[in-house]
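Here is what each chain is made of, one letter per residue.
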Amino acid sequence: MNYRSTKLRQAANGRPCVLCGAHGTTVGAHSTRVEHGHGTGIKAPDYFLAYVCQSHHDCIDGRRGQLTKQERHSMWLEAFAKTVAIWFEEGLVKVA
């Protein structure tokens, strides 16, 4: 079962990109790593989301820019760490 959370995905709406601060196009970019549950036709679980603008999402997914696979993953990891901090700071995720 692949974990889905409407709350985590929708929390990207209206936020600035965690990488550049751009407003208006922020989405939840899922990890593209197989070890995170990604595969052909399968998105990674929603706990592997990063809140980035459409431009950075295109770079991470390889649709834009000339980044290597490792550079794209490093960009996603930086955004993911910042996104997880938001989840805890704003109470979207709580430790029981």
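Summarised in this report is the structure supplied together with it. (Residues numbered from 1 in each chain as written. Predicted model: local features only at pLDDT ≥ 70, side-chain atom pairs only at ≥ 80, totals over all residues. Heavy atoms only, no water.)

**As for the packing of aromatic side chains**
Stated formally: To pair, rings of Phe, Tyr and Trp, with the six-membered ring standing in for Trp, must have centres within 6.5 Å; the planes then decide the type, stacked if under 30 degrees apart, edge-to-face if over 60, and tilted in the middle. Helical segments are the DSSP runs of H or I of at least four residues, strand segments are the runs of E of at least two, and each set is numbered from the N terminus. Exposure is judged per residue with a 1.4 Å probe applied to protein chains only, and the accessible area is read against the type maximum: over 50% gives exposed, under 20% gives buried, and values in between give partly exposed.
With the rule as written, the count across this model stands at 6 aromatic pairs. Consider the rings of phenylalanine 48 and phenylalanine 80, whose centres lie 6.0 Å apart with planes at 45°: the pair is tilted. Remark: phenylalanine 80 occurs in helix 3 (residues 69-89) and phenylalanine 48 occurs in the loop between strand 1 (27-30) and strand 2 (49-52); sequence separation between them is 32 residues. Given the relative accessible area of 17%, phenylalanine 48 is considered buried. The class for phenylalanine 80 is buried, based on a relative accessible area of 17%. Note on tryptophan 76 and phenylalanine 80: the rings are 4.7 Å apart at their centroids and 15° apart in plane angle, and the pair reads as stacked. In this pair, tryptophan 76 and phenylalanine 80 both sit in helix 3, 4 residues apart, roughly one turn of the helix. Each member of the pair tryptophan 76 and phenylalanine 80 is classed as buried. Aromatic rings pair up to connect Tyr3, Tyr47, Phe48, Trp76 and Phe80 into one cluster.

**Points about the environment of alanine 85**
As for its position among the elements, alanine 85 is in helix 3. Taking relative accessible area as the criterion, alanine 85 reaches 31% and is therefore assigned partly exposed. Sequence spacing of alanine 85 and arginine 4 is 81 residues, and the spatial spacing of their C-alpha atoms is 19 Å.

**Thoughts on the nonpolar core**
Among soluble globular proteins, nonpolar side chains are generally buried collectively. For clarity, the threshold we go by: Buried Ala, Val, Leu, Ile, Met, Phe, Trp, Tyr and Cys residues form a nonpolar core when they are joined through side-chain atoms within 4.5 Å. Throughout, a residue-residue contact means that at least one pair of heavy atoms, one from each residue, lies within 4.5 Å.
Counting residues in each nonpolar core, the largest one holds 21 residues, and the members touching the most others are Val18, Ala50, Tyr51, Val52 and Trp76. Of all the secondary structure elements, the ones that give two or more residues to this core are strand 2, helix 2 (54-60) and helix 3. Here this core gets 6 residues from one element, more than from any other, and that element is helix 3. Leave out the neighbours within four places in its chain, and alanine 50 touches Val27, Gly28, Ala29, Trp76, Ala79, Phe80 and Thr83.

**So, the environment of serine 5**
Mapped onto the elements, serine 5 comes out in the segment before helix 1 (6-10). Under the relative-accessibility criterion, serine 5 is labelled buried at 10%. Measuring from C-alpha to C-alpha, the distance between serine 5 and proline 45 comes to 8.7 Å, with 40 residues separating the pair along the chain.

**Remarks on the pattern of salt bridges**
This is how the line gets drawn: We define a salt bridge as a contact between a side-chain nitrogen of Lys or Arg and a carboxyl oxygen of Asp or Glu at a distance within 4 Å.
In this structure the tally under the stated criterion is 6 salt bridges. Among the salt bridges present, the one from arginine 9 reaches aspartate 46, with a minimum N-O distance of 2.3 Å. In this pair, arginine 9 sits in helix 1 while aspartate 46 sits in the loop between strand 1 and strand 2, placing the two residues 37 residues apart along the sequence. Its relative accessible area of 0% is what places aspartate 46 among the buried residues. The network of salt bridges with common partners includes Arg4, Arg9 and Asp46.

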